[in-house]
Each structure stands twice: as C-alpha cells, then as structure tokens.
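# Commentary on secondary and tertiary structure
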Protein chains: 2
Amino acid sequence: MIDNPNDPSLRSFIDVSPDSPFPIQNLPFGVFRRDKNSYPHIGIAIGDEILDVSELTEAAPQFLKWPAFLQLNLWHDLSNILGITPTFWREIRQQVSQLLRYDNPALRDNPKLRQRVLTRRSDVRMLMPCHIPNYTDFYSSREHATNVGIMLRGKDNALMPNWVHLPVAYHGRASSIVVSGTDIRRPHGQTKADDADLPTFGPTKSLDFELEIGTLIGTPNDLGTPIPTSQAAEHVFGMVLVNDWSARDIQKWEYQPLGPFLAKNFATSISPWVVTLDALEPFRVAGPKQDPEPLPYLRCEGNWSYDIQLEVWLQTAKMTEPVRISATNAKHLYWNICQQIAHHTINGCNLQTGDLLASGTISGPTPDSLGSMLELAWKGTRPIQLPNGETRVFLQDGDRVTMTGYCQGPGYRVGFGEVTARVLPAVEFGN
Amino acid sequence: MIDNPNDPSLRSFIDVSPDSPFPIQNLPFGVFRRDKNSYPHIGIAIGDEILDVSELTEAAPQFLKWPAFLQLNLWHDLSNILGITPTFWREIRQQVSQLLRYDNPALRDNPKLRQRVLTRRSDVRMLMPCHIPNYTDFYSSREHATNVGIMLRGKDNALMPNWVHLPVAYHGRASSIVVSGTDIRRPHGQTKADDADLPTFGPTKSLDFELEIGTLIGTPNDLGTPIPTSQAAEHVFGMVLVNDWSARDIQKWEYQPLGPFLAKNFATSISPWVVTLDALEPFRVAGPKQDPEPLPYLRCEGNWSYDIQLEVWLQTAKMTEPVRISATNAKHLYWNICQQIAHHTINGCNLQTGDLLASGTISGPTPDSLGSMLELAWKGTRPIQLPNGETRVFLQDGDRVTMTGYCQGPGYRVGFGEVTARVLPAVEFGN
C-alpha cells in the first residue's frame, strides 16, 4: 500500500531540518558527479544527502521498479525519465518516498547499502539535470512588464495592448544555459548612449539578473498537435529556479524590432534540482484575477498558480556574507503554466522533452519585491544601498547573485535549493 | 595527387546535365532512407544519383579515409562529420571528387560496387541532414527590412537606427524545422484587426513564405569565446535553402515588445542537400558597400557575399504546373555570414555543431525580386496575378511553394536543389 508522498506527517530516517529545502515531501531529481572521473549519476535529494538512483538501481533493483527499457539508461541525463509518462514519474517518487520513510528498515538498517547509495550533497558536483533542447522565456509578470514599460514608454503606455490577452514570450538560447555554480563572464557588445550619434563597443555596463522560475517539459507533443490547458500539467515534469542574465545596455540598442538577442544569450543559469509538479501540488493557489477574460483556448479550470516564496541575495567581493535584496512570490504571475503551454502549442509548435519554459522576471507589487536590478534601482535612479556602504545600480565584477525559492508547508519546506553564480570580468581582446 | 575539386573542367563518369544542381563541382551532403524500414544513410548527390557514403565506407573502405573514431558513426545524421575540422571535410570532398572522375576506373568499372553504392535520387526519401540544436534567424536584407519598415512605420522611419550598425537577429524555434517535402499545416492563433476592440482566435489569414539561405555550423565554439570575422568561415560546414513560414496577422499582434514567436515557430522548411562552403568558394563576390563603416569587430577582409540565384515558384491546387513569382540573389544581403557569426558570438554565445543561422528574407531591389508574399503583394494592396486567372495576396490551402537556388559556373551549376512544401488546411478543433 502506497501513502501519499505529500503527506505533511511523513518523516524520513534521514534527519532533515525544518528549513531544509529537501524533506521527504519534496524528493527532487538531479544529476551529479562524485568526482571528476566518475560518470554522471541521477540522484534524489533528501536533507543534506543524495539518494543515488543510478547506483541504487544497480545495487538493489528490487526497490525501484523501472520499465525494462530504462534499466540501462539511468545515467548522464534525466531526459530518459522525463520523456515517459507522468504515471511513471509518480511511481518512482512514491517508491523512493516509501524507501526513505522513518519506519521502513529496508535501506535504513542496511549500512552497506546506505554507504553505497547515499552520499552527502556537499561532496558532489551538480550538473545540468538534462539536455535542454529549446528554451522559451515568457513575460508573465504583470508587475515586471508594467515596470519595464513605464521606464521605456512612460506610465500611460506601460503595458502593450496584447499583454492582457496572451502570455507574451520569445525564444531564448538553449546552448548557453548553465547550471548553478558556473561563473558568468561579463559580455561585450554594441551599445549606444542616448546622446551619442554612433554606437560603441565594449563590456556591458548594465549587467543584470532576472529572477524567474522555469518549467521543464516531460512528455512532448507532436508537431501540429496543440496541448489544451486541461492537459498541460501532464506534460510538465517539474520546475527549477532560473536566473536569466541580461545586459540592459545591449538590449536597449539591439531589441527593435525582433526582440532581445545578444543581451540575453550569453548565459542563463538554472538550479540543479528539479522539483516535480507532484511535490508542488499542495501549494497550488488561485492566480490574479484575469480581466479581460482570456479567449477560450487560454481558459483553465482550477488553481494553477504556485505559492513559491522567492528571494534574491547579493554578495559583493567586499562583503563577507550575502544580503537579501528582493523577496517576492511566484503566485504574482498573471499567466500560469497551463496557459503558457496552451498558448505555446496552439499553432502546432512541438515541445520536446527537456524544454525549458521560463516565467519571465517575477516582480511583486512592492519596491522590495522586484525581480531585476533594473527595477530595484529603477533604471539607475535609486541605487541599492548595501550594509557595508557599497551601492549598486547594476552588477559589478566579483558580485555573486544567489536566488532561492521554497513553498512553506506546516513544519517543512518544499524548496528548490539555489541558483548561484559570480560575475567574472570581461575577457580582454584586441579590437 | 589531388586536383582542385572546384575545377570547371572536371567531369564525372555519371552523366550530369548542365542545368543539374549537382555536378562533380558541387558534391553536397545529405541524409536519406532507401525505404521505410532501412536506416538513414549519408549520401553525396551527383547528377540524378546519390553516392551512398555510409554504404561505400562499408563496402570499399579504401576509397574514403575516415578518422578511425568515425568508422562506426556514419549513419543517421551528418553531425558527426560536421563537428570535426574543415580540413577533414575538404579531404572527404576531394576523395569523392577523385572517385567520381570520368577517368578514374575504380568505381566506374566496378558494376557490382556501383550497384551497391549508387542509387537514384528519385528512389529515396530525403531526411533532415542533421540534428539542429539551435536556430537563429537574421534580418540581413536591407531591401526586406526597408520594405517591412515602410509598411509598418512609413517611409521616413523604415529602417531602425540599429540596422546599419549590426546584423539584427532573433532566436527561432529549432524543434519545428522540417525537411523539404513535409506539408505545412495552416496554424491557428490569436489576431486582432486594426479596427477591432478585441482579439479573435482562428486559422491565420495571412500565411506567408520567406525566402532565405541558411548556414549550418560545423565546428563549435566554447561558451565565452567569440569567433572573429577572420575565422568565421572555418566554422561553417555549408548552406541550405530555408523557407521561414510566417503568419503575418499573428505576428502583427504578438511581436511587441519581444519579437516574433507563434507567427514563426509552427514550421521552418529547409532543403535536404547541404552545399559545402568549399563548393561555393568560386562564387564569392563583393557585398553591398557598408556605410557607415561597421565597428572593428564586424569588419572583414575579402569578399564574403555569395552569388546565388534564388527563385520562388508557386503552384495552386488548380494549376497544373508552378509559376515563378520571384527571382533574386543572395548577393544583395547587406550583412555577410562572417559578420553574422562574429556578431552572434561577440558576447561569448556558443554556437553548436548543426546550428542553423538563416539570412532573413532575401529581397532584391525590384518588385519582382521580393522574398515574401507580404512584399510581393505589398500588404495585400497589389495581388499577385497568376497565369490561370487566380490571384494571391497570401497563401491559400493547397498552394505549393518551391524555392530553388544555384550558382552559375561556366557550363555547370552549383545548386541547392529545392525546398518545397504544400499548405494543408488548419486542423479543426472545438474551442
């Protein structure tokens, strides 16, 4: 008999502190390497440890019932798991939940097996969870779109007329998505000052972060076959945190009329642990009221926003610890993931296993809940004051940006861990 | 001793008519399947035949000296060939050129081997030449950008200020790129008429083609490592024809402020034969004069435009043969491929083996040389008159669009073959 793996009263035989992102109610999937020479393994985070799923499958196949065709493919990449049906993901999570329970002696009382299949998170290097074939970035926070619109076009024309009728999005660059921990090199590019006649070339002077959440597609759809809102969630494996790095000065000069390109495609960072949609299920809440009512293909039943608390932390090279510079919540997003997926595929566009659909910058309604430096420092007019006396309007070399996110349950958190990266100086080259 | 495979006097022992796209001076690479149940093979087109490279490697390995690590990977996909160095591509093409020469008896006089490794092009099905990890669409035709600008913003603001300073581009959708011969389903989407208060939903009423050429990346670059213009060509394997299908009414409503999305990502068609940059070498010509002079990172030495004659043919369901509706030339493109690649990577963005970089719609200076229906029929105001009395402002269901391209040498053509597709009616669904 299988318990509900989301049951708040469940406990693991591994100690998990109440503020850990990874209690037994979460069980996120990731890919890690024990050392430089070992193969990537698939793991599930539990407290400060990782259950090595690849190893467990080999050492004790009776605990995880994989379909036969997967037995030999449980390495390197989550794509093989993502590409199958949600029923199957659910079963794996349930089996692991069962195995890690406080009252199940099977693994708990087998020290040899524990040593082989459990490893400390701090001892391994996390890798990209899967190959990401395509990356789409939405623009689904009304507050963010409004803020940027005000800065660009003034208060009266802040939101474009289409914005309230469809989840605006564009294609990002899949090749430059990197996992948390990868340093980010300040990019060069072409920019033009407002009062200059000609553009100039050099490192960006307005490097920014964007706080987003990202949906990883599991089950693909065929080219020509739209996914209705009612079925959209069945195509989602889980979510990660996303930092969509942006060079605002490059963006400003290049983006008309075809949208952002080099201002974004130098790097996008994601968190390594994929929190399944199943684990997020208890945290579904109603989204903002949508007025005007969307066209029928964008309407959906039930609550599809997620109550995920999000934070951005900044640590400059001179600081000894990071400081929180923003706190917001994913529930502010106007367009939900079912609407994003239905819109994305309404013309027949095919989503592929591992595709990343990011939310767009998530800003809340207050000045301390904004998801980018552009907004926090309001285009440079309102510098961020740091506790050591430094100020920031955009990121400086040596700055480290860390984003975290979690859903607060009664006595436990279903968390994402973090996505973190440090800004490196631009490379020098002789142009 | 190796002859120059571009020598105009070279002849193959296989008969090739002077207007064939595939003489011995071309030798483009493609992937094909002999029948439904056979594996994809790599081939090189010669006249009406295909030299089956995968089969040849097995049957007579002495004729093609592959690096050892490739011996077992010559199937399914060109990526394995594309990902190695240009020196190597050149050697393969030279070896095949040698083997197909009029005066080389090795294959010519071996009927058993000929039967095994040569097959008629009309007997096989062409597949995608390789996996395309990322798709970038440029906007490099000044005539096209100006025409669209005039229609959208009037004559005085036709070209955006950035256009003459950088090769504008955006990320397209890689997953929905299909090979020539794949029918295209009319997409649904959200549109808003100029005089309407609210958007409506339905099949696009302004389905269009876009005539482009596409560059396939061979050798990748690392994230963080720009490719200078002087080295760009060494990263290019070859070129294909591209039809970047567009739904103009969807585009008009959705594209502000982040660029085209659903108006484009339902399908992009490419021609199946990849013409190597080496085969195009004799057809390099000077491009349009660039004024203002580009920034140093965009300057390049030598001629990097290509004299490729391009044609668009239309056949409606009622016509018995196609009619040419446009003829233009790739040499009109303002930004060349070296500049496109240098710009794309100047911020450190990593190009991957198989990436497609398309030129953007190629329009010439005259009304009969425009590369889209939007321009040919000038936003519907100047319907295209067809010989059977039909007219078109945009594509109708049942219309077949075929694009061809070739470089004219003395007595031979280095051609691309064609990219062709038929428009199918929109699927019906109950929304």
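Every value quoted in this text rests on a predicted model; they were computed, and no experiment measured them. (Residues numbered from 1 in each chain as written. Chains lettered and ligands numbered in written order. Predicted model: local features only at pLDDT ≥ 70, side-chain atom pairs only at ≥ 80, totals over all residues. Heavy atoms only, no water.)

The next point concerns the relation of the copies chain B and chain A. It takes a turn of 180 degrees to lay chain B on chain A, together with a shift of 0.0 Å along the axis; the resulting RMSD is 0.0 Å. What we have between these two chains is a two-fold relation. Closest approach to the rotation axis within chain B is made by the C-alpha atom of Gly259 of chain B, at a distance of 2.1 Å. Most of the interface of chain B is mirrored in chain A, where 100% of its interface residues are also at the interface. (Least-squares fit on C-alpha atoms with pLDDT ≥ 70 in both. Contact = heavy atoms within 4.5 Å.)

What follows concerns the interface of chain B and chain A. With 55 residues of chain B in contact, the opposing surface of chain A contributes 55 residues. Carbon and sulfur atoms supply 64% of the area buried between chain B and chain A, which totals about 5500 Å² over both sides. The largest per-residue losses of area from chain B upon contact with chain A belong to His171, Leu258 and Phe261 of chain B, which jointly make up 15% of the total buried on that side. If you look at where chain B meets chain A, you find 2 salt bridges. A salt bridge links Asp355 of chain B to Arg173 of chain A; its shortest N-O distance comes to 2.7 Å. The interface formed by chain B and chain A contains 25 residue pairs in polar contact (both at pLDDT 80 or more). (Buried area = accessible area lost by both parts, 1.4 Å probe. Salt bridge = Lys/Arg side-chain N within 4 Å of Asp/Glu carboxyl O. Polar contact = N/O pair within 3.5 Å; in protein donor to acceptor, adjacent residues only side chain to side chain.)

Now for unusual backbone geometry. In this structure, the amide linkage connecting Gln256 of chain A to the following residue, Pro257 of chain A, adopts the cis form with an omega of 0 degrees. Within the element layout of this structure, Pro257 of chain A appears in the loop between α8 (248-254) and β16 (268-270). Pro292 of chain B follows Asp291 of chain B through a cis peptide bond whose omega is 10 degrees. Tracing the backbone through its elements, the reader meets Pro292 of chain B in the loop between β18 (284-285) and β19 (305-306). Its identity is not glycine, yet Leu27 of chain A carries a phi of approximately 60 degrees, on the positive side. Mapped onto the elements of the fold, Leu27 of chain A is located in the segment before β1 (29-33). Using a relative accessible area of 0% as the deciding quantity, one classes Leu27 of chain A as buried. Unusually for a residue other than glycine, Lys379 of chain B sits at a positive phi of about 60 degrees. Tracing the backbone shows Lys379 of chain B in the loop between α11 (373-376) and β23 (384-385). (Helix = DSSP H or I, 4+ residues; strand = E, 2+ residues; numbered from the N terminus. Buried < 20%, exposed > 50% of the residue type's maximum accessible area, 1.4 Å probe, protein only.)

This part covers the pairing of strand β10 (residues 188-191) of chain A. Residue and element names in this part refer to chain A. Of the two faces of β10, the one holding His188 and Gln190 and the one holding Gly189 and Thr191 are both buried throughout. By the bridge criterion, 4 bridges tie β10 to strand β11 (residues 200-203) in an arrangement that is antiparallel. By the bridge assignment, Thr191 is partnered in β11 with Thr200. (Pairing = 2+ DSSP bridges.)

On to the sheet that holds strand β1 (residues 29-33) of chain B, then. Residue and element names in this part refer to chain B. If you walk across this open sheet you meet the 5 strands as β4-β3-β2-β1-β5, and the pairing is antiparallel. Looking at the sheet topology across the chains shown, the edges are occupied by β4 (118-120) and β5 (125-127). Pairwise comparison of adjacent strand axes, ignoring direction, gives a mean angle of 50 degrees for this sheet. Sheet analysis places strand β2 (residues 41-46) next to strand β3 (residues 49-52), joined by 4 bridges and oriented antiparallel. Its bridge partner lying in β3, Ala45 is registered against Ile50. (Axes fitted to C-alpha atoms, helices over the stretch in contact; angles between N-to-C directions.)

Time to look at the packing of aromatic side chains. For the coordinates displayed, the defined rule picks out 14 aromatic pairs over all chains. When the ring of Trp89 of chain A is compared with that of Phe237 of chain A, the centres are 5.0 Å apart and the planes differ by 90 degrees; the resulting orientation is edge-to-face. Taken together, the residues span a long stretch of sequence, with Trp89 of chain A in helix α3 (residues 86-100) and Phe237 of chain A in strand β14 (residues 236-243) at a distance of 148 residues. On the accessibility criterion, Trp89 of chain A (5% relative accessible area) is buried. Relative accessible area serves as the criterion here: at 1%, Phe237 of chain A is assigned to the buried category. Among the aromatic side chains, those forming a connected cluster through ring pairs are Phe29, Trp89 and Phe237 of chain A. Geometry around Trp304 of chain B places Arg284 of chain B over its ring, the cationic atom sitting 3.6 Å from the centre. (Phe/Tyr/Trp six-rings, centres within 6.5 Å; stacked < 30°, edge-to-face > 60°. Lys NZ or Arg CZ within 6 Å of the ring centre and 35° of its normal.)

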